[in-house]
Amino acid sequence: MLELERIAVDYGHVRALWDVSLEVKLGQRAALLGANGAGKSTTMGAICGLLPLAAGTVRFQGRELHRHSTVETVAAGIALVPEGRRLFPAMSVHENLLMGAYSPQARAHIDDSLRQVHELFPILKEKSRQSAGELSGGQQQQVAIGRALMSRPQVLLLDEPFIGVAPLVVREIIETLVEISARGVMMLLVEQNVHRAFEFAEYAYVIENGRTVLEGSREQILGDAQFNEKFLGLA
Ligand SMILES: Nc1ncnc2c1ncn2[C@@H]1O[C@H](COP(=O)(O)OP(=O)(O)OP(=O)(O)O)[C@@H](O)[C@H]1O
Ligand SMILES: [Mg+2]
């Protein structure tokens with residue numbers, strides 16, 4: 001289980017996260033909802049050890065993580081598909097995928113991981129030698145997810161992966177993610193659109209100005225009067 005307990009994060013002297021708590025249980029798909037600037041990406045950065053915690057704890061499988069480096073976070077089994085994908089556009093699809101397999105554990109299983117990623121996203125096998133920058137938005141997103149899978153994660157964090165991806169491709173990617181989660185990978189998806197989030201997630205957390213303000217199932221979230229008033233205009 002991945003567990004954030006009352007975490008806070010500062011950028012210099014400015015506090016961005018005040019009080020965020022959430023849990024992703026084994027095999028669960030959760031979503032993190034919130035408006036622009038609510039603190040979704042900051043939360044992802046804190047889970048990965050990219051940003052230090054000013055307060056609170058991040059635990060994974062019962063072990064506290066926040067003093068670990070990002071390399072150790074990857075080794076512990078947490079992988080991030082970052083906001084905006086962050087591919088190396090001039091490098092081939094294959095080379096981009098290999099970038100995800102830098103930890104010693106991942107390197108030991110590189111051929112098996114690559115076979116699995118090609119099986120999940122056949123287009124990446126087809127376009128293996130092509131520059132990542134030449135691919136469509138949806139294909140690039142598959143490269144970004146594939147790269148994260150190359151680290152053989154137990155937890156996959158996805159930060160707004162569907163921006164710039166055609167709706168049909170979004171549906172395909174969601175189906176593949178559900179298949180991966182059925183193999184036991186925990187997932188946390190950052191989304192701004194609540195309806196899309198629940199095409200994927202079983203449970204969601206809502207953050208507002210750096211604080212968790214609501215959590216629940218689709219029915220609970222959509223049934224919340226305050227949530228409706230504040231967010232459904234955005235959906
Ligand atoms: N590098 C940074 N330096 C200073 N402040 C930052 C930095 N990154 C984010 N912030 C601030 O922290 C707050 C949370 O930002 P964050 O990027 O986590 O929001 P978000 O929910 O991911 O938003 P979006 O939907 O736009 O991606 C915002 O007020 C933002 O301006
Ligand atoms: Mg963000």
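Here, every reference points to the structure presented above.
This section reports on the structure supplied with the text. Given the structure is predicted, the values throughout are model-derived calculations rather than measurements. (Residues numbered from 1 in each chain as written. Chains lettered and ligands numbered in written order. Predicted model: local features only at pLDDT ≥ 70, side-chain atom pairs only at ≥ 80, totals over all residues. Heavy atoms only, no water.)

## What to know about the nonpolar core
A general trend in soluble globular proteins is that nonpolar side chains are found buried together.
Logical step 1: Membership of the largest hydrophobic core comes to 45 residues, with the highest contact counts inside it found for Ile-145, Leu-156, Leu-158, Leu-177 and Ile-221.
Logical step 2: Sequence-distant contacts of Leu-158, defined by excluding residues within four places in its chain, comprise Met-44, Val-81, Ile-145, Leu-177, Met-187, Leu-188, Leu-189, Val-190 and Phe-200. (Core = buried A, V, L, I, M, F, W, Y, C linked by side-chain atoms within 4.5 Å. Buried < 20%, exposed > 50% of the residue type's maximum accessible area, 1.4 Å probe, protein only. Contact = heavy atoms within 4.5 Å.)

## Here's the deal with unusual backbone geometry
Logical step 1: The backbone phi angle of Arg-85 is positive, close to 70°, even though this residue is not glycine.
Logical step 2: Looking at the element boundaries, Arg-85 is found in the loop between β6 (78–81) and α3 (93–98).
Logical step 3: Phi at Arg-152 is positive, roughly 55°, even though this residue is not glycine.
Logical step 4: When you line up the elements, Arg-152 lands in the loop between α7 (137–149) and β7 (155–159).
Logical step 5: For Arg-152, a relative accessible area of 33% puts it in the partly exposed group. (Helix = DSSP H or I, 4+ residues; strand = E, 2+ residues; numbered from the N terminus.)

## What about the side chain of Gln-28?
Logical step 1: By the secondary structure assignment, Gln-28 is in the loop between β2 (14–24) and β3 (29–33).
Logical step 2: Residues within four places of Gln-28 in sequence aside, it is in contact with Glu-23, Val-185, Met-186, Met-187, Glu-202 and Tyr-203.

## Some thoughts on the coordination of the magnesium ion (ligand 2)
Logical step 1: On the protein side, the magnesium ion (ligand 2) has Ser-41 (OG), Glu-83 (OE) and Glu-83 (OE) as donor atoms, found 2.0 to 2.8 Å from it. With Ser-41 in helix α1 (residues 40–48) and Glu-83 in the loop between β6 and α3, this residue pair connects regions lying 42 residues apart in the sequence.
Logical step 2: Overall, Ser-41 belongs to the partly exposed group, its relative accessible area being 29%.
Logical step 3: For Glu-83, a relative accessible area of 37% corresponds to the partly exposed category. (Donors = N, O, S within 2.8 Å, 3.2 Å for Na, K, Ca; no water.)

## Describing the environment of Gly-184
Logical step 1: Structurally, Gly-184 can be placed in the loop between α8 (167–182) and β8 (186–191).
Logical step 2: Along the chain, Gly-184 and Ala-132 lie 52 residues apart, while their C-alpha atoms are 29 Å from each other.
Logical step 3: Ignoring any residue separated from it by four or fewer positions in sequence, one finds Gly-184 in contact with Gly-27 and Gln-154.

## Things to note about the packing of α7 against α8
Logical step 1: Two elements in contact, α7 and α8, have axes separated by 10 Å at closest approach and are oriented at 15°. One element, α7, and the other, α8, form an angle in the roughly parallel class. Where α7 crosses over α8, the two elements pack in a sense that is right-handed. Contact with α7, carried on its side by Gly-138, Gln-141, Gln-142, Ile-145 and Leu-149, involves Val-169, Ile-173, Leu-177 and Ile-180 of α8 and no other residues of that element.
Logical step 2: Tallied by class, residues from the contact of α7 with α8 come to 6 nonpolar, 3 polar and no charged. (Axes fitted to C-alpha atoms, helices over the stretch in contact; angles between N-to-C directions. Parallel < 35°, antiparallel > 145°, perpendicular 65-115°, else oblique. Left-handed = near helix turned anticlockwise from the far one by under 90°. Nonpolar A, V, L, I, M, F, W, Y, C, P; charged D, E, K, R; others polar.)

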